Amino acid sequence: MVKYMKPNNIDHIAIAVANIDDATKLYNQLLNAEPQHIEEVVDQKVMTAFYPIGDSSVELLAPTSDESPIAKFIAKNGTGMHHIAFKVSDIEKTLKELKDRGFRLIDETPRQGAGGKKIAFVHPKSTGGVLIEVCE
Ligand code: ZN
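Everything numeric here is computed off the predicted structure, so don't read it as measured data. (Residues numbered from 1 in each chain as written. Predicted model: local features only at pLDDT ≥ 70, side-chain atom pairs only at ≥ 80, totals over all residues. Heavy atoms only, no water.)

Caption draft 1: Quick look at the sheet that holds strand 1 (residues 9–16). With respect to topology, eight strands assemble into an open sheet ordered 2-3-4-1-5-8-7-6, the strand pairing being mixed. Because the sheet does not close on itself, it has two edges, and the strands there are strand 2 (37–41) and strand 6 (111–112). Direction of pairing for strand 3 (residues 46–53) relative to strand 4 (residues 56–63): antiparallel, over a ladder of eight bridges. In the strand pairing of strand 4, Thr 48 is matched with Leu 61. Sheet contacts for helix 3 (residues 91–100): strand 7 (118–122) and strand 8 (131–135); angle to strand 7, the most-contacted strand, approximately 10 degrees. (Pairing = 2+ DSSP bridges. Helix = DSSP H or I, 4+ residues; strand = E, 2+ residues; numbered from the N terminus. Contact = heavy atoms within 4.5 Å. Axes fitted to C-alpha atoms, helices over the stretch in contact; angles between N-to-C directions.)

Now the structure itself:
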């Protein structure tokens, strides 16, 4: 029997927000915490704020430009749940296996996400409507 890669953990759950300052004020209250770090991911035209929760995090994503994928997401869906990220130990192998099993990959090869992690996205059309990220 073929042994496929299995996620180790939920790395983070990402929420699309309109404005990082307003959203961090709200989440500081909600989680009684401050973000561990706030970082701009220039490539994706987003500001990110990470709140560690146990072994995973809540990630807020705010667009820094109308061209940002997050701006487009909010225009279409409104603010709210954006994606779930699963942590894997070998992202290249995981992507190959997901593709072999018929999942539609947005990223065939990993790119660099916040915190220098290797990340890739799986299209929500092939996952029942939820954008899935795998990260290493
Ligand atoms: Zn993410």
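After that view of the structure, there is still more to cover.
Caption draft 2: Representation of the coordination of the zinc ion in the model. At the metal site, the zinc ion is ligated by His 12 (NE2), Glu 59 (OE), His 83 (NE2) and Glu 133 (OE), and these contacts range over 2.0 to 2.8 Å. Counting gaps between the donor residues of the zinc ion yields the pattern H-x46-E-x23-H-x49-E. Residue Glu 59 is located in strand 4, and its partner Glu 133 is located in strand 8; the two are separated by 74 residues in the primary sequence. Both residues of the pair, Glu 59 and Glu 133, belong to the buried class. (Donors = N, O, S within 2.8 Å, 3.2 Å for Na, K, Ca; no water. Buried < 20%, exposed > 50% of the residue type's maximum accessible area, 1.4 Å probe, protein only.)

Caption draft 3: A look at the side chain of Ser 68. Position of Ser 68 among the secondary structure elements: in the loop between strand 4 and helix 2 (69–77). Under the relative-accessibility criterion, Ser 68 is labelled buried at 0%. Of the polar contacts made by the side chain of Ser 68, one reaches the backbone oxygen of Gln 44; its length is 3.3 Å. With residues up to four places along the chain from it excluded, the contact list for Ser 68 reads Gln 44, Lys 45, Val 46 and Pro 63. (Polar contact = N/O pair within 3.5 Å; in protein donor to acceptor, adjacent residues only side chain to side chain.)

Caption draft 4: Up close: the pairing of strand 3. Note: strand 2 against strand 3, five bridges, orientation antiparallel. Bridge pairing in strand 3 places Glu 40 opposite Met 47. Once strand 3 ends, the chain turns through two residues before running back antiparallel as strand 4, passing Gly 54 with a positive phi of about 60 degrees.

Caption draft 5: Structural context of helix 3. Residues of helix 3 that are buried include every one of Ile 91, Thr 94, Leu 95, Glu 97 and Leu 98, and no others. Buried residues of helix 3, viewed axially, fall in a sector of 165 degrees; they line one side. Exposed side chains of helix 3 directed beyond 90 degrees from the buried face belong to Lys 96 and Asp 100. Contact partners of the buried residues in helix 3: strand 7 and strand 8. Where helix 3 begins, the capping side chain belongs to Asp 90, and its oxygen is found 3.3 Å from the backbone nitrogen of Glu 92. (Arc of directions from axis to C-beta.)

Caption draft 6: Representation of the pattern of salt bridges. As enumerated under the stated definition, the model contains six salt bridges in all. Note that Lys 96 is salt-bridged to Asp 100, the shortest N-O span being 3.0 Å. One end of the pair, Lys 96, and the other, Asp 100, are both in helix 3, four residues apart, so they sit about a helical turn from each other. One salt bridge connects Glu 108 with Lys 99, and the closest N-O pair in it is separated by 2.8 Å. Assessed through its relative accessible area of 46%, Glu 108 is described here as partly exposed. Judged by relative accessible area, which is 45%, Lys 99 ranks as partly exposed. (Salt bridge = Lys/Arg side-chain N within 4 Å of Asp/Glu carboxyl O.)

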